[in-house]
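Fold and geometry: a report
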Amino acid sequence: MNKNAGITITVVFEAMSLNYGESLGNISELKKLTRENKIYTYMSRQALRFEKYKFMLENAGIKETPVTGDEQVVQFKKEATIAEYPEIDLFGYMKTSGQGQNAQTRTAVVKITPAVSLEEYKNDIEFATNLNLAKRANTNPNPYQLEQHKSLYTYTVAIDLDRLGKDFNEKGEVVEEIPVDEKLKRLYSLFDAIKFLSREIKGRRENLSPLFAIGGLYPIKNPFFLNRIRIIKENSAYAIDPRLLHSTCELTLPNGKKVFDYTLLGILEGFFANEEELKKLLPASSGTIDYFFENLKERARKYYEEGTV
């Protein structure tokens, strides 16, 4: 079994105003970053992790990991194990004792980037009041403002397959390992969380499920398609620039094969103007979003049960 194998998935979805930061007066500000004098909004890594974990709690039947504040910091309880609690297996933990001394840590097996908008923020602001409640209370309404941004977003998930379901001591020795069927169950539930992700925010439920997904199971760990998604316009319709994706797929790996040989592509038909051109990038490995995740599940099964990448 290749101990350097990893899965990477890069997703594009459409949503509106996903993550607010600190408020300034009565203005709720979106989380933002600046690049080349342009402003983009984003949904933080922590928020994406929470939504995935929430989906798994609600739909995969996992147990909620117990936490404590006894060591002057909120953290997972020391007795919580990866065998019993998938959350700390997938997303890692830090357990401290003696006021921060003797920290026991587990690096996340599932690494998630922020979801960054692919379209520039144009300073759209919504003015609102609680007028209905004010009328019912026969008083003056309270005005407030919300920054709003509807955009395409992209983020990447990277998964260390050799560390999933294993816990190690400070010497790097395996001290706990779960069976293969449980590893696959956790991996499949994570795929489902990506596939059907949503978010409740400001009285809305936003659909974060993919319009486009690209990635696969590779013999080396690399988030190949991170920062490789660019949006272009074709006759006022959205299109994904295929050139960056093509160039990435043509990279030669240390084993002599190309990224192309391991990559899957999934697309929700009817959204992108150049969907047929995108499918031609990987003619034998392109299909629906469902096709993408079902094939990725099968490749993960072969890796764990047969040792093949």
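All values derive from a computational prediction rather than experimental measurement. (Residues numbered from 1 in each chain as written. Predicted model: local features only at pLDDT ≥ 70, side-chain atom pairs only at ≥ 80, totals over all residues. Heavy atoms only, no water.)

1. What to know about the overall build of the protein chain
A tally of regular secondary structure across the protein chain gives 7 helices and 23 strands. At 22 Å, the protein chain has a C-alpha radius of gyration in line with the 19 Å of a compact globule built from 309 residues. Overall size of the protein chain, expressed as C-alpha extent along the three principal axes, is 70 × 60 × 35 Å. Buried positions account for 47% of the 309 residues belonging to the protein chain. For the protein chain, restricting intrachain contacts to residue pairs at least 6 apart in sequence, the fraction spanning at least 24 positions comes to 66%. Averaging the locations of the 43 positively and 43 negatively charged side chains of the protein chain gives two centres separated by 2 Å. (Helix = DSSP H or I, 4+ residues; strand = E, 2+ residues; numbered from the N terminus. Rg over C-alpha atoms; globule rule 2.2 N^0.38 Å. Buried < 20%, exposed > 50% of the residue type's maximum accessible area, 1.4 Å probe, protein only. Contact = heavy atoms within 4.5 Å. Lys, Arg positive; Asp, Glu negative; His and termini not counted. Charge placed at Lys NZ, Arg CZ, Asp CG, Glu CD.)

2. Considering unusual backbone geometry
For Ser 17, which is not a glycine, the phi torsion comes out positive at approximately 50°. Checked against the element boundaries, Ser 17 lands in the loop between β1 (6-16) and β2 (20-24). In this structure, Glu 36 takes a positive phi of about 50° despite not being glycine. Residue placement: Glu 36 occurs in the loop between β4 (32-35) and β5 (38-43).

3. Digging into the sheet that holds β2
On the basis of which strands lie adjacent, the open sheet formed by 4 strands has the order β2-β3-β13-β12 and mixed pairing. For this open sheet the edge positions go to β2 and β12 (125-129), each flanked by a neighbour on one side alone. Averaged over all pairs of adjacent strands, the angle between their axes in this sheet comes to 25°, without regard to strand direction. Sheet topology note: the strand β3 (residues 27-30)/strand β13 (residues 143-147) ladder contains 2 bridges and is parallel. Looking at β13, one finds that Ser 28 is bridged to Leu 146. (Pairing = 2+ DSSP bridges. Axes fitted to C-alpha atoms, helices over the stretch in contact; angles between N-to-C directions.)

4. Thoughts on helix α4 (residues 180-195)
Over its 16 residues, α4 extends 22 Å from the first C-alpha to the last, a length consistent with the 22 Å expected when each residue adds 1.5 Å. All of the buried residues in α4 are Lys 183, Leu 184, Arg 186, Leu 187, Ser 189, Leu 190, Phe 191, Ala 193, Ile 194 and Lys 195. (Expected span 1.5 Å × (residues − 1).)

5. Looking at helix α7 (residues 289-306)
Here α7 is 18 residues long and its end C-alpha atoms lie 25 Å apart, about the 26 Å a rise of 1.5 Å per residue gives. Listing the buried residues of α7 in full gives Ile 289, Phe 292, Phe 293, Leu 296, Lys 297, Ala 300, Tyr 303 and Tyr 304. Down the axis of α7, the buried set is contained in an arc of 130°. They therefore lie on one face. On its buried face, α7 is in contact with β1, α4, β19 (212-218), β22 (263-267) and β23 (286-287). Directly after α7, the chain includes Gly 307, whose backbone phi takes a positive value near 75°. (Arc of directions from axis to C-beta.)

6. What to know about the environment of Phe 55
Looking at the secondary structure, you find Phe 55 in helix α1 (residues 45-59). Among the residues examined, Phe 55 registers a relative accessible area of 16% and is labelled buried. Taking the C-alpha atoms as reference points, Phe 55 and Pro 143, separated by 88 residues in sequence, lie 34 Å from one another. The residues touching Phe 55, leaving out its near neighbours within four places in the chain, are Ala 60, Ser 189, Asp 192, Ala 193 and Phe 196.

7. A word on the pattern of salt bridges
Scanning the model with the defined rule gives 25 salt bridges in all. Between Arg 106 and Asp 167 there is a salt bridge, with its nearest N and O atoms 3.4 Å apart. Taken together, the residues Arg 106 in strand β9 (residues 101-106) and Asp 167 in strand β15 (residues 166-168) connect sequence positions 61 residues apart. On the basis of relative accessible area, Arg 106 is assigned to the buried category, the value being 5%. Between Glu 305 and Arg 301 there is a salt bridge, and its shortest N-O distance comes to 2.7 Å. Of this pair, Glu 305 and Arg 301 are both found in helix α7, 4 residues apart, which corresponds to roughly one turn of the helix. Taken together, the shared-partner salt bridges connect Asp 89, Arg 106, Asp 167, Glu 182 and Arg 186 into one network. (Salt bridge = Lys/Arg side-chain N within 4 Å of Asp/Glu carboxyl O.)

8. What to know about the nonpolar core
Judged by nonpolar contacts, the single largest core of 44 residues is most densely connected at Ile 7, Tyr 155 and Ile 159. Counting only elements with at least two residues in this core, the list comes to β1, α1, α2 (86-91), β10 (110-112), β14 (150-160), α4, β19 and α7. With 7 residues, α7 is the single largest residue contributor to this core. Ignoring anything within four residues of it in the chain, the contact list for Tyr 155 reads Ile 9, Thr 10, Val 11, Phe 13, Leu 48, Lys 52, Ile 112, Thr 113, Pro 114, Ala 115, Ile 194 and Leu 197. Within the second largest apolar cluster, 24 residues are counted, among which are Ile 229, Leu 253, Ile 267 and Leu 278. (Core = buried A, V, L, I, M, F, W, Y, C linked by side-chain atoms within 4.5 Å.)

Everything listed is a geometric property; what it means functionally is a separate question.
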